[in-house]
Amino acid sequence: MRAPLVDGFGRVHTDLRLSLTDRCNLRCTYCMPAEGLDWLPKPELLTDDELVRLVGVFASMGVTTVRLTGGEPLLRRGLPGLVARLRALGLSLSLTTNGLGLERQAQALKDAGLDRVNVSLDTLRPERFLELTRRDRFDDVVAGLAAARRAGLEPVKINTVLMRGVNEDEAADLLRWALEHGYALRFIEQMPLDPQHGWDRGTMVDADEILEVLGRSFALTPVGQRGSAPAERFFVDGGPATVGVIGSVSRPFCASCDRLRLTADGQVRNCLFARDESDLRAPLRDGVDDDELAARLRVAVAGKKAGHGIGEPGFVQPDRPMSAIGG
Ligand code: SAM
Ligand code: SF4
C-alpha cells in the first residue's frame, strides 16, 4: 500500500469516478446536442488492461470505491469482464447508467461483482421522455430498473435532474412512483456542464425549491449528517423510505469531497469543474512503472482547489462536457 491521496486541504480521496466511454445512445437535451459530440477516437481510449492497471494504482493509494460512468457505460464492450477484473482489486463497484440495455446485462454484471446501480430517469411520461432524450426508450429504462432490482443490484437508485419548464411538475409523481417500486430517488441540481453552455443559475431548480415542492405532498424529515455523501437525505412520511437531494450548486459539499475522476482517455480530473487535467495515458503508454504513475497522481490530487467556484467572479465552465468527463 502507498500513502493515501491527500490534497492541500487535508481531504482524503477514496472514491473514483471512472468513465468508460464518452459515447451515448440517448441525447438528453441538457447533456448532448441531437447530432452527438465529437467522440474520442478509439486509439485514445484506455483499453481494459490499461484501465485495470491505472485503477490498481488508485487502489494502492487508498481508493476503495469505483463508480463506472460515461457517456453510457453499458455501451462498453465486455463490461462484465472488466467489472470482474476491477472487483478482483478488492473495490466496491457501482454503475451510473441511463438504463438502456440494463435489462439484458444486469444479472451478468451482478455475477461479475457489481454492487449497485444508479439509473437516470427524469420523467415518467413516455412522450416527455422522447422529447427530453430524443429517443423513444422509456420502456427500456423501466425494464432496466426492474432487472437491476431482480438481480439484487441494490439499493437501486434513480437520479433525476429537475428542470424548469421541462419536468419540474413531476417531482412528487416521480417520488411516489420510486417509493412504490422500492427505488431510492435522488434529485440533482443541474450544473453548468452542458456543451451548449445554456445553463442559467437564475432558472435552475435548486435544492430549496425541490424540498418546497416535495413538502407539499410529503412530510420530509432530515436523516442526519451527510458526511462526504453529496445527497442530503430525508425520511418520507416518517420513513423508512427516504429521498435524496443533491444541491451541488446551491449547497456544495466540496469541503468534504473525497472524489477523483479518470476520463475514458486517461486524464485525471481532481474536480468535475477542474480546468486542467493530468495525463496518465501518455506515461502509461511510454512504459513508466507504477511508482511513477502514483507520483503523477499524487501531484494531480495535491493541486485540487478548495471548491468548484460556481457563482464566483472568475468561474469558467470546463471545456469538457459532463458526458466526456464522467458524470
Ligand atoms: N449516461 C449515464 C446516465 O445518464 O446515467 C451516465 C452519465 S450521465 C452524464 C450521469 C448523470 O449526470 C445523469 O444522471 C445525468 O442526468 C446527469 N447530468 C448530465 N448533465 C448534467 C448537468 N448539466 N447537471 C447535472 N446533472 C447532469
Ligand atoms: Fe447520455 Fe447520460 Fe448524457 Fe443522457 S445524461 S445524454 S444518458 S450521458
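The rules behind these values
- Residues numbered from 1 in each chain as written.
- Chains lettered and ligands numbered in written order.
- Predicted model: local features only at pLDDT ≥ 70, side-chain atom pairs only at ≥ 80, totals over all residues.
- Heavy atoms only, no water.
- Axes fitted to C-alpha atoms, helices over the stretch in contact; angles between N-to-C directions.
- Helix = DSSP H or I, 4+ residues; strand = E, 2+ residues; numbered from the N terminus.
- Parallel < 35°, antiparallel > 145°, perpendicular 65-115°, else oblique.
- Left-handed = near helix turned anticlockwise from the far one by under 90°.
- Contact = heavy atoms within 4.5 Å.
- Nonpolar A, V, L, I, M, F, W, Y, C, P; charged D, E, K, R; others polar.
- Phe/Tyr/Trp six-rings, centres within 6.5 Å; stacked < 30°, edge-to-face > 60°.
- Buried < 20%, exposed > 50% of the residue type's maximum accessible area, 1.4 Å probe, protein only.
- Near = heavy atom within 4 Å.
- Polar contact = N/O pair within 3.5 Å; in protein donor to acceptor, adjacent residues only side chain to side chain.
- Areas by Shrake-Rupley, 256 points an atom, 1.4 Å probe, with all protein chains shown as cover.

Asker: Just give me the short version of the packing of helix α2 (residues 79-87) against helix α3 (residues 102-112), but keep the residues and values in it.
Answerer: Packed helix pairs are specified by the crossing angle of their axes together with the interaxial distance, meaning the distance between the axes. Orientation of α2 relative to α3, taken along the N-to-C sense of each, is 20°, at an axis distance of 8 Å. By the criterion of interaxial angle, the relationship of α2 to α3 is roughly parallel. Every pair of crossing elements has a handedness; the one defined by α2 and α3 is right-handed. Contacts between α2 and α3 involve L79, P80, V83, A84 and R87 from the first element and Q105, A108, L109 and A112 from the second. Each residue belonging to the contact of α2 with α3 can be placed in one class, and the counts come to 7 nonpolar, 1 polar and 1 charged.

Asker: So, the packing of aromatic side chains: which residues are in play, and what are the values?
Answerer: Here the distance between the centres and the angle between the planes together describe a pair of aromatic rings. All told, the structure shown has 3 aromatic pairs when counted by the stated rule. With 5.9 Å between their ring centres and 70° between their planes, F129 and F138 make a pair best called edge-to-face. Using a relative accessible area of 3% as the deciding quantity, one classes F129 as buried.

Asker: Which residues make up the site of ligand 1, and what values go with them?
Answerer: Taken together, 15 residues lie near ligand 1, and Y30, G71, E72, S120 and M191 sit nearest. In this structure, a nitrogen atom belonging to ligand 1 sits 3.2 Å away from a side-chain N or O atom of E72. In the model, an oxygen atom of ligand 1 is placed 2.5 Å from a nitrogen or oxygen of the S120 side chain. With the chains in place, 95% of the 540 Å² that ligand 1 exposes on its own is no longer accessible. Those elements that provide at least two residues to the shell around ligand 1 are β3 (92-97) and β5 (157-161).

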